[in-house]
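These are the residues of each chain, in order.
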Protein chains: 2
Amino acid sequence: MTLSPEQTQAAKRQAKPFLRVLDGEIVSPPPVWMMRQAGRYLPEYREVRAGIGSFLEFCYTPDAAVEVTLQPLRRFGFDASILFADILVIPDALGQNVTFKEGEGPVLEPIRDLSGLDKLDVGGVVGNLAPIFETLRRLSVEIPKTTGLIGFAGSPWTVAVYMVEGRGRTECERARGWAYRAPAEFQKLMDILVDATSAYLIEQVKAGAEALQLFDSWAGVLSVEQFRSLVIEPTRRIVENVRKSAPDVPIIGFPRQGGIMIPEYVTETGVDGVSLDHSVPFDWAMREIPETCVLQGNLDNRLLVVGGDALDRGVDTILEQTRDRRFIFNLGHGIVPQTPPENVARVIERIRGSG
Amino acid sequence: MTLSPEQTQAAKRQAKPFLRVLDGEIVSPPPVWMMRQAGRYLPEYREVRAGIGSFLEFCYTPDAAVEVTLQPLRRFGFDASILFADILVIPDALGQNVTFKEGEGPVLEPIRDLSGLDKLDVGGVVGNLAPIFETLRRLSVEIPKTTGLIGFAGSPWTVAVYMVEGRGRTECERARGWAYRAPAEFQKLMDILVDATSAYLIEQVKAGAEALQLFDSWAGVLSVEQFRSLVIEPTRRIVENVRKSAPDVPIIGFPRQGGIMIPEYVTETGVDGVSLDHSVPFDWAMREIPETCVLQGNLDNRLLVVGGDALDRGVDTILEQTRDRRFIFNLGHGIVPQTPPENVARVIERIRGSG
């Protein structure tokens, strides 16, 4: 008997606990991956990184990007693997000047008016990001058969913050001010980002991404009104665009510090899963977020640095609270460089021993 | 007929819409004041400030502090007046080295271990802060009879962040890490701050403060577990301590970015009012926060910079949503220096025209 392409596809997904959860099952113990699992806390990452000039060049070198994506899988056997790249490849591909300064984070030549928007080249995005799709194509062959492959992008609001402020800034005051002062101008930027991000994600799926995550790191600074217009609405449009082309690829949203607004975000955007930062109590999330939505999160990344009993208790609390729910174990925010790798191993062991 | 002292006191409070709300009435239009209403956006403030050396010296000079506290009352006729001071007078009074650098904000000699805590002098706090009580005593005579007088302090967690990090830092990673790694040590710091802050606030009441506000600006960065132990529990203890000495003085809590945790904060700490940042939807707050608690907030301080129709709509939305509730109009966060004073006047006019 020969399997149809659909059956082959289904069997492939069925071998991956991460995708089984997103496709509809409760899996126990839950699958686990960690944001920034490929990163500076691993000596083998720092070694690859040292051999390449700029951080964006690193993202655009498939050999290097594939290698660092695989490193944490070899060490820890995570259930999912996220493409190694950066949310700022979008402004870079749009033609904005983006650099990463050591110890300072990203610096962009800020866009503050319509003339800056007019220079952006939306049509060039997919072509400019070819190396990233190459990385995904290779990863989809090289990762273990039980590991899910996640593509990702920054959400329009968060990417816009960097594009307008020129860097990450706690209050995001220029971007917020522009959006209030000239909503039609700011909407033009959001439209550009919705289109570019949709095209980028659709191409990631074609290159092998089995699920997608949208990072909205600066969602928490907004007023209720701006959260609706700048976080929820652009995300809803991206989900709609991607679904037209890739109806079966689950999308996880991460409206960091979205707090009270998260249930509305889930309902209005139609995301299949939501990643929760460490400020969200799971008993609340279980009650307020529709069961059709997978929950992901939310171990405090500082506990992963501290380790020991405090870490074990943190893991146990999450496992207890998320029983009977489609759930993916993750952090509330990315792994920080000071994290001892043995603490990551300790978490995975504890989760897998809990089933 | 002669009034008893209690009757005199009651008549005095009755003349102040701000206190009438806190004491139990719905007042329409609602009373209004704004966080950082005495500040750099006012030219007359900058003039007084220019005549004095350091920022702490400014806080400790009653002539100057009284003058800048009165300035916004003269211009705008706010319904409440908040003592001009800084939350970092507590570490300063405890003996920690605190300076304010131009354009950088506060810088402290950070405390990172028990030996640093052992040097702090809790007993000296009230004595060291004598000039602040003098400022309050003068204000209680000089402010208009319809204006409420608010004393304030930083909450232990937020003050601890500055004491441990040495400055404000988005992730508060050192303070959060210490609290996880050595809870008993960090608890010692929290105990010192609970005692110092309670004594400080009790003395403010003796000097004339008619209500108190506790600012927890860094509440939003915490995990659920740490929010309970570092925000809710220390605040609960301060409320309890102050009530023993001043049972009738209402206390407003401001757990900024506390989001989902705010209802639990209100119930567990017993605050009389809660100030909401601009990320909190009022329809949610009306439903989830017990009616016994006054709501305060939450106009976006960027709207106050932008002005115009967007500002008017922001004001109107809040007024509509808070009808039928004990409510005090305020911002979601302090006035920023770029704010045009005429926008403040515009808001007050609009509120007072709405009744």
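Only a predicted model underlies this, so the values are computations on that prediction, with no experimental measurement involved. (Residues numbered from 1 in each chain as written. Chains lettered and ligands numbered in written order. Predicted model: local features only at pLDDT ≥ 70, side-chain atom pairs only at ≥ 80, totals over all residues.)

Q: Any chance you could explain the overall build of chain A here in plain terms?
A: Each helix and strand in chain A was counted, giving 18 helices and nine strands. Computed over C-alpha atoms, the radius of gyration of chain A comes to 19 Å, within 12% of the 20 Å expected from 2.2 N^0.38 for 355 residues, which places it in the range of a compact globule. In chain A, buried positions account for 53% of the 355 residues. Contacts in chain A between residues at least 24 apart in sequence constitute 73% of all its contacts with a sequence separation of at least 6. (Helix = DSSP H or I, 4+ residues; strand = E, 2+ residues; numbered from the N terminus. Rg over C-alpha atoms; globule rule 2.2 N^0.38 Å. Buried ≥ 20, exposed ≤ 12 C-beta atoms within 10 Å, placed from the backbone. Contact = placed C-beta atoms within 7 Å.)

Q: Can you help me understand the sheet that holds strand β9 (residues 327–331) of chain B in this one?
A: Strand pairing in a sheet relies on backbone hydrogen bonds, with the paired strands running either antiparallel or parallel. All names here are of chain B. The strand order across the open sheet built from seven strands is β1-β4-β5-β6-β7-β8-β9, with neighbouring strands paired in parallel fashion. Every interior strand has two partners, whereas the edge strands, β1 (80–82) and β9, have only one. Taken over all neighbouring pairs, the strand axes of this sheet differ in orientation by 25 degrees on average, direction set aside. Note: strand β4 (residues 148–154) against strand β5 (residues 211–216), five bridges, orientation parallel. Bridging from a neighbouring strand, A153 pairs with L214 of β5. (Pairing = 2+ DSSP bridges. Axes fitted to C-alpha atoms, helices over the stretch in contact; angles between N-to-C directions.)

Q: Is there a simple way to explain the confidence of the model for chain A in this structure?
A: Should the pLDDT be low somewhere, the predicted coordinates at that spot are not to be read in detail. On average, residues of chain A carry a pLDDT of 96, and 99% of them reach 70 or more. Interface confidence in the predicted complex, given as ipTM, is 0.94; pTM for the same model is 0.96. (pLDDT = per-residue confidence, 0-100.)

Q: How do you make sense of the interface of chain A and chain B when you look at a structure like this?
A: How big an interface is tends to be expressed through the accessible area that disappears when the partners come together. Facing 24 residues of chain A, the contacting portion of chain B comprises 24 residues. Counting only elements with at least two residues in the side of chain A that touches chain B, the list comes to α11 (173–181) and α16 (301–306) of chain A. With five residues, α11 of chain A is the single largest residue contributor to the side of chain A that touches chain B. A per-class count over the side of chain A that touches chain B returns 11 nonpolar, eight polar and five charged. (Nonpolar A, V, L, I, M, F, W, Y, C, P; charged D, E, K, R; others polar.)

Q: Explain the relation of the copies chain A and chain B here, please?
A: Here the two chain copies are tied together by a rotation about an axis and a shift along that axis. Turning chain A through 180 degrees and shifting it by 0.0 Å along the axis lays it on chain B, with an RMSD of 0.0 Å. What the superposition gives is, in effect, a two-fold axis relating one chain to the other. The fraction of interface residues of chain A whose copies in chain B are also interface residues reaches 100%, indicating that both copies meet through the same surface. (Least-squares fit on C-alpha atoms with pLDDT ≥ 70 in both.)

Q: Could you clarify how one ought to interpret the environment of E165 of chain B in this entry?
A: With respect to the element layout, E165 of chain B can be found in helix α10 (residues 156–165). Residues contacting E165 of chain B, with those up to four places away along its chain left out, are P110, C172, R174 and A175 of chain B.

Q: It is not clear to me how the nonpolar core should be interpreted in this structure. Could you clarify?
A: Soluble, globular proteins show a tendency: their nonpolar side chains are buried together. I90, A160 and L212 of chain A together with I90, A160 and L212 of chain B are the most contacted members of the largest nonpolar core, which totals 242 residues. Not counting the four nearest positions on each side in its chain, A160 of chain A is found in contact with A175, L189, M190 and L193 of chain A. (Core = buried A, V, L, I, M, F, W, Y, C linked by C-beta atoms within 7 Å.)

Q: Any chance you could explain the pairing of β5 of chain B here in plain terms?
A: Note on strand geometry: in a regular strand, side chains alternate between the two faces of the sheet. Residue and element names in this part refer to chain B. The buried fraction of β5 is high, at six of six residues. Side-chain alternation along β5 places A211, Q213 and F215 on one buried face and L212, L214 and D216 on a second face that is also buried. Two strands pair when backbone bridges link them, and β5 and strand β6 (residues 251–255) are joined in this way by five bridges, in the parallel orientation. The partner of D216 across the bridge, within β6, is P255.

Q: Please explain the packing of helix α12 (residues 183–206) of chain B against helix α13 (residues 224–245) of chain B as it appears in this structure.
A: Each pair of packed helices can be described by the angle between their axes along with the distance between the axes. Residue and element names in this part refer to chain B. Interaxial distance between α12 and α13 falls to 9 Å at its minimum, and their mutual angle equals 35 degrees. In this structure, the crossing between α12 and α13 has a hand that is right-handed. Here α12 contributes M190, L193, V194, T197, S198, L201 and I202 to the contact with α13, which in turn contributes L230, P234, R237, I238, N241, V242 and S245. For the contact of α12 with α13, the residue count by class is nine nonpolar, four polar and one charged. (Left-handed = near helix turned anticlockwise from the far one by under 90°.)

Q: Looking at this structure, how should I read the environment of G127 of chain B?
A: Residue and element names in this part refer to chain B. Along the chain, the position of G127 falls in helix α8 (residues 125–128). Overall, the presence of 10 C-beta atoms within 10 Å leaves G127 in the exposed class. Along the backbone, G127 and A93 are 34 residues apart, and their C-alpha atoms lie at a distance of 8.5 Å.

Q: Would you mind showing me how to read the sheet that holds strand β8 (residues 294–299) of chain A here?
A: Residue and element names in this part refer to chain A. Strand order in this open sheet of seven strands is β1-β4-β5-β6-β7-β8-β9, and the pairing throughout is parallel. Of all the strands in the sheet, the pair left with one neighbour each is β1 (80–82) and β9 (327–331). Across this sheet, the average inter-strand angle for adjacent strands is 25 degrees, counted without regard to direction. Examined bridge by bridge, β1 and strand β4 (residues 148–154) share three bridges and lie parallel to one another. In the strand pairing of β4, I82 is matched with I150. On the sheet, helix α14 (residues 262–269) packs against β6 (251–255) and β7 (273–276) and is oriented at approximately 150 degrees with respect to β6.

Q: Mind showing me how you'd approach the pairing of β9 of chain B here?
A: Residues and elements named next belong to chain B. For β9, the tally of buried residues reaches five of five residues, placing the bulk of the element in the interior. Of the pairings in the sheet, the one linking strand β8 (residues 294–299) to β9 comprises five bridges and is parallel in character. Each residue of the ladder has a partner; that of G297, found in β9, is F329.

Q: Mind showing me how you'd approach the environment of A10 of chain A here?
A: Following the sequence through the fold, A10 of chain A ends up in helix α1 (residues 5–14). As a C-alpha pair, A10 of chain A and D248 of chain A span 238 residues in sequence and 11 Å in three-dimensional space.

Q: What am I meant to see in the packing of helix α10 (residues 156–165) of chain A against α11 of chain A here?
A: Residues and elements named next belong to chain A. Where α10 contacts α11, the axes come no closer than 8 Å and their chain directions differ by 100 degrees. Classified by the interaxial angle, the pair formed by α10 and α11 is roughly perpendicular. Two secondary-structure elements touch here, α10 through A160, V161, V164 and E165 and α11 through R174, A175 and W178. Residues that form the contact of α10 with α11 fall into these classes: five nonpolar, no polar and two charged. (Parallel < 35°, antiparallel > 145°, perpendicular 65-115°, else oblique.)

Q: Looking at this structure, how should I read helix α9 (residues 130–142) of chain A?
A: Each full turn of the α-helix corresponds to 3.6 residues, which orients residues three or four apart in the same direction. All names here are of chain A. Here α9 is 13 residues long and its end C-alpha atoms lie 19 Å apart, about the 18 Å a rise of 1.5 Å per residue gives. Every buried residue belonging to α9 is among I132, F133, T135, L136 and L139, and all of these are buried. Down the axis, α9 shows its buried residues gathered within 150 degrees of arc, on one side only. On its buried face, α9 sits against α5 (62–76), β1, α6 (89–94), β4 and α12 (183–206). (Expected span 1.5 Å × (residues − 1). Arc of directions from axis to C-beta.)

Q: Would you explain unusual backbone geometry in this entry?
A: For residues other than glycine, phi is negative in most cases, and the peptide bonds are mostly trans. For the bond from G297 of chain A to N298 of chain A, the omega torsion is -20 degrees, close enough to zero to count as cis. Secondary-structure assignment places N298 of chain A in strand β8. Backbone torsion omega between S28 of chain B and P29 of chain B reads -5 degrees, so that peptide bond is classified as cis. Although it is not a glycine, R36 of chain B adopts a positive phi angle of roughly 60 degrees. Checked against the element boundaries, R36 of chain B lands in the loop between α2 (17–23) and α3 (43–50). Given 18 C-beta atoms within a 10 Å radius, R36 of chain B is considered partly exposed.

Q: What is the right way to read helix α13 (residues 224–245) of chain A from this model?
A: Residues and elements named next belong to chain A. Helix length check: α13 (22 residues) gives 31 Å between terminal C-alpha atoms against 32 Å at 1.5 Å per residue, within 8%. At I232, α13 shows its maximal kink, close to 30 degrees; a proline, P234, follows between one and four residues later. Taken together, the buried positions of α13 are occupied by V224, Q226, F227, L230, V231, I232, P234, T235, I238, V239 and V242. (Bend = angle between axes of the 7 residues up to and from the residue.)

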